[in-house]
Amino acid sequence: MSKLQSPVPPSPSCSPSRNDCGIAPLTPSPSPGPALRPRAARPFSVVVAIDFGTTSSGYAFSFTQDPEAIHMMRRWEGGDPGVANQKSPTCLLLTPDLRFHSFGFAARDSYHDLDPEEAQNWLYFDKFKMKIHSTSDLTMETELEAVSGQKVRAIEVFAHALRFFRQHALKEIKDQSSSVLEGTAVRWVITVPAVWRQPAKQFMREAAYLAGLVSPENPEQLLIALEPEAASIYCRKLRLHQVIDLSSRLIANGIEGDASHSFDSSFRQAREQLRKARHSRTFLVESGTGELWSEMQAGDRYIVADCGGGTVDLTVHQIEQPQGTLKELYKASGGPYGAVGVDMAFEAMLCQIFGADFIESFKAKRPAAWVDLTIAFEARKRTASPGRATALNITLPFSFIDFYKRHRGHSVETALRKSNMNIVKWSSQGMLRLTPEAMKELFQPTINNIVRHIEDMMKKPEVQGVRFLFLVGGFAESPMLQQAVQAVLGRSCRIIIPQDVGLTILKGAVLFGLDPTVVRVRRCPVTYGVGVLNRFVPGRHPRDKLLVKDGREWCTDVLDRFVSVDQSVALGEVVRRSYTPARSGQRKIIINIYCSTTDDVVYITDPSVRKCGAITLDLPEASGPERREIRATMQFGDTEIKLQLHIQQGDLRILILLGLHLEAGVGEGLLEGDACHQLRVLIGKESGRVSGAGTGGKRGGRHHRSVYMYIYIHAKA
């Protein structure tokens, strides 16, 4: 049991004094060592994983009776010429009255076919996942802006997309399964970047609830998987013929070959092998670990770099033999260094040539044509390679050429000449010709960020001695990125790329759903604690923290730490604390949750500390002088945090299960708006009986009398 944290700021319903709702520790002893809590098993029949990416998305599934077979989703209609598509572009189309119309290639093609004037009334969303990462004050009311400029709540857009995947996945599973599938027989897994904070993870969970994937009453039916972690889980299953070893491709007998030629030929070969594999949509995985791991010894470390469309995530793992579980050695890190950075550089180049005002006007007036232009660039971007000596042609839509001439009074060719941008040429066939120098200029800033981030990671003491670097994610297909990583890091570790690099995360997410215990130890990304009142100790506590209440001297604003940043936490580890209301007749208790990116914090007023959640408890009136006890248990080590409160008042005991995995969650993961919940929990005199937990809690047990307690959950992103 342990200490407490300082009182919380006043709430409108609280007394004017900010400490009237405070809590004090019952036991000021240090936090005990975390204890393991066993995970309850659930008999799911099938696991469905949704890889919700910035640029492309898809799903895969596996039946629990045949876990070594992973089935990829049915091949999508549409696609880009020359590009193998196993997943669908992450784009969504809503009608003018905000109804769902289509997703993926169908959304893109339908939007393209709309009349330019009509298109301005439709809502087309593309690469909208990045909004969740870039929004610092994410709430349930956060809006997304469509290409046409119209806005809609982000939670609704994500729910539309998840509902689409749910319908398609269940239909395909039904076609393959002879048995009737109950709704609760499916375990769902949704992937998110490891660098996402808890609010973004909770946002995806709320969107899944809204989409009908699972019910808030069955939160364990949905798992949130971290993308680089999922990739790592799959990589440990790889056989030697399923990977490309860039080190062996580039250096033979100690002599470096033609790097650009090696990259081009090796990846063409890998893509051809992948196309052949895709004739069958079922992939078989090893029952244990793959051949690649036979080269690793106990204690060997490896990095997985998930280079996706929006973000790049790094995770450092160690494989534990003989059980094959994984241990995280350093907290996940990364940033917005995904492939969309190259798209943004291309748009910046267009603004430099044609003027930012024109580009913004064209996007607003001809949104469908702008989408066509970005699609044309995306297709050509994938063919860029360091060994290419010829220019890449980007077809400009006729409406772009016509709109520019009417807007500026001269041709796009004239604009190119006036811009003095010699690395971009004009073709009389209506195309921009991007020279190899131009493509390098577009790729270089994003690639430099990725390489620099991996280098910085490898300098950490916990990471030194890494033997393997796995490049995964859609952007890892780029020979431009491969060569840059190999040139800088190839002599310090072996760089491995799975042949089905774009599907690595999706397959790993299925494996994670089949066995969520595979990652045994994780690192906490931030320091978590609660705000409490401690007995004031002269000489130890600053005088400005002194609070005198009912004749007692308290030190306010103390941070009672649950777990520290980068601390190793085993799966299911719990930290327990016991608190009591600061005053005997207190009717309201507020437990504030705080987090910090550092571990040297003492008070909640320290610069790096921010409030990330609060639990407000309205308690029944005390029936006697008995001490009221609140026991808090926080469970770490999972991809989400869980909290359990046990409240005891005399012979009245109440168990409340809260968590980031529930709508009534606590911690960084709660959102303002619709996610600020009021729970009406039915309690009674029966010891240990719980009548309600979370929203829609079921009644249970026998009660001598009915007493209701209201729990208000608030949070800040």
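Residues numbered from 1 in each chain as written. Predicted model: local features only at pLDDT ≥ 70, side-chain atom pairs only at ≥ 80, totals over all residues. Heavy atoms only, no water.

1. Looking at the overall build of the chain
Here is step 1: Helix and strand content of the chain: 16 helices and 38 strands.
Here is step 2: For the chain, the residues scored as buried account for 57% of the 717 residues in total.
Here is step 3: In the chain, of all internal contacts separated by at least 6 residues, the share reaching a separation of at least 24 is 73%.
Here is step 4: For the chain, the accessible surface area stands at approximately 29100 Å², while carbon and sulfur atoms represent 48% of it. (Helix = DSSP H or I, 4+ residues; strand = E, 2+ residues; numbered from the N terminus. Buried < 20%, exposed > 50% of the residue type's maximum accessible area, 1.4 Å probe, protein only. Contact = heavy atoms within 4.5 Å. Areas by Shrake-Rupley, 256 points an atom, 1.4 Å probe, with all protein chains shown as cover.)

2. What to know about the pattern of salt bridges
When the charged atoms of two side chains with opposite charge come close together, those side chains can pair.
Here is step 1: Under the counting rule described, the total for this entry stands at 22 salt bridges.
Here is step 2: In this structure, Asp-97 engages Arg-99 in a salt bridge whose closest nitrogen and oxygen atoms are separated by 2.9 Å.
Here is step 3: Assessed through its relative accessible area of 51%, Arg-99 is described here as exposed.
Here is step 4: The shortest N-O distance in the salt bridge between Glu-141 and Arg-153 comes to 3.7 Å. Taken together, the residues span a long stretch of sequence, with Glu-141 in the loop between helix H3 (130-134) and strand S10 (143-145) and Arg-153 in strand S11 (residues 151-153) at a distance of 12 residues.
Here is step 5: In this structure Arg-153 comes out as partly exposed when scored by relative accessible area, which is 21%.
Here is step 6: Salt bridges sharing partners connect three or more residues here, namely Asp-343, Glu-378, Lys-381, Arg-382 and Glu-477. (Salt bridge = Lys/Arg side-chain N within 4 Å of Asp/Glu carboxyl O.)

3. Digging into the confidence of the model for the chain
Here is step 1: Taken over all residues, the pLDDT of the chain has a mean of 76, while the share at 70 or more is 73%.
Here is step 2: Scored below 50 in pLDDT, residues 274-279 makes 11 contacts in the model with residues more than four places away or belonging to other chains.
Here is step 3: Under a pLDDT of 50 for its full length, residues 651-717 has, in the predicted model, 213 contacts with residues more than four places off or in other chains. (pLDDT = per-residue confidence, 0-100.)

4. What about the packing of helix H9 (residues 340-354) against helix H10 (residues 356-365)?
Here is step 1: One can describe the packing of H9 onto H10 by two numbers: an axis separation of 6 Å at closest approach and a directional angle of 115°. Contacts between H9 and H10 involve Glu-347, Leu-350, Cys-351 and Phe-354 from the former and Ala-356, Phe-358, Ile-359, Glu-360 and Lys-363 from the latter.
Here is step 2: Split by residue class, the contact of H9 with H10 holds 6 nonpolar, no polar and 3 charged. (Axes fitted to C-alpha atoms, helices over the stretch in contact; angles between N-to-C directions. Nonpolar A, V, L, I, M, F, W, Y, C, P; charged D, E, K, R; others polar.)

5. Some remarks on the packing of aromatic side chains
Think of a pair of aromatic rings as described by two things: how far the centres are apart, and how the planes are tilted against each other in angle.
Here is step 1: Scanning all chains against the criterion turns up 24 aromatic pairs.
Here is step 2: Taking the centre distance of 5.7 Å and the plane angle of 70° together, the rings of Phe-164 and Phe-165 count as edge-to-face.
Here is step 3: Taking relative accessible area as the criterion, Phe-164 reaches 10% and is therefore assigned buried.
Here is step 4: For Phe-165, a relative accessible area of 0% gives the class buried.
Here is step 5: Seen from their ring centres, Phe-354 and Tyr-404 are 5.3 Å apart, and the 70° between their planes marks the pair as edge-to-face. Highlighted residues: Phe-354 in helix H9 and Tyr-404 in helix H12 (residues 398-408), separated in sequence by 50 residues. Across the pair, Tyr-404 and Phe-354 agree in class, each one buried.
Here is step 6: One aromatic cluster in this structure is built from Phe-354, Phe-358, Phe-362, Phe-400, Phe-403 and Tyr-404.
Here is step 7: Across from the ring centre of Tyr-603, 5.3 Å away, lies the NZ or CZ of Lys-545, which sits over that ring.
Here is step 8: The ring of Phe-562 carries the charged tip of Arg-577 above its face, separated from the ring centre by 5.0 Å. (Phe/Tyr/Trp six-rings, centres within 6.5 Å; stacked < 30°, edge-to-face > 60°. Lys NZ or Arg CZ within 6 Å of the ring centre and 35° of its normal.)

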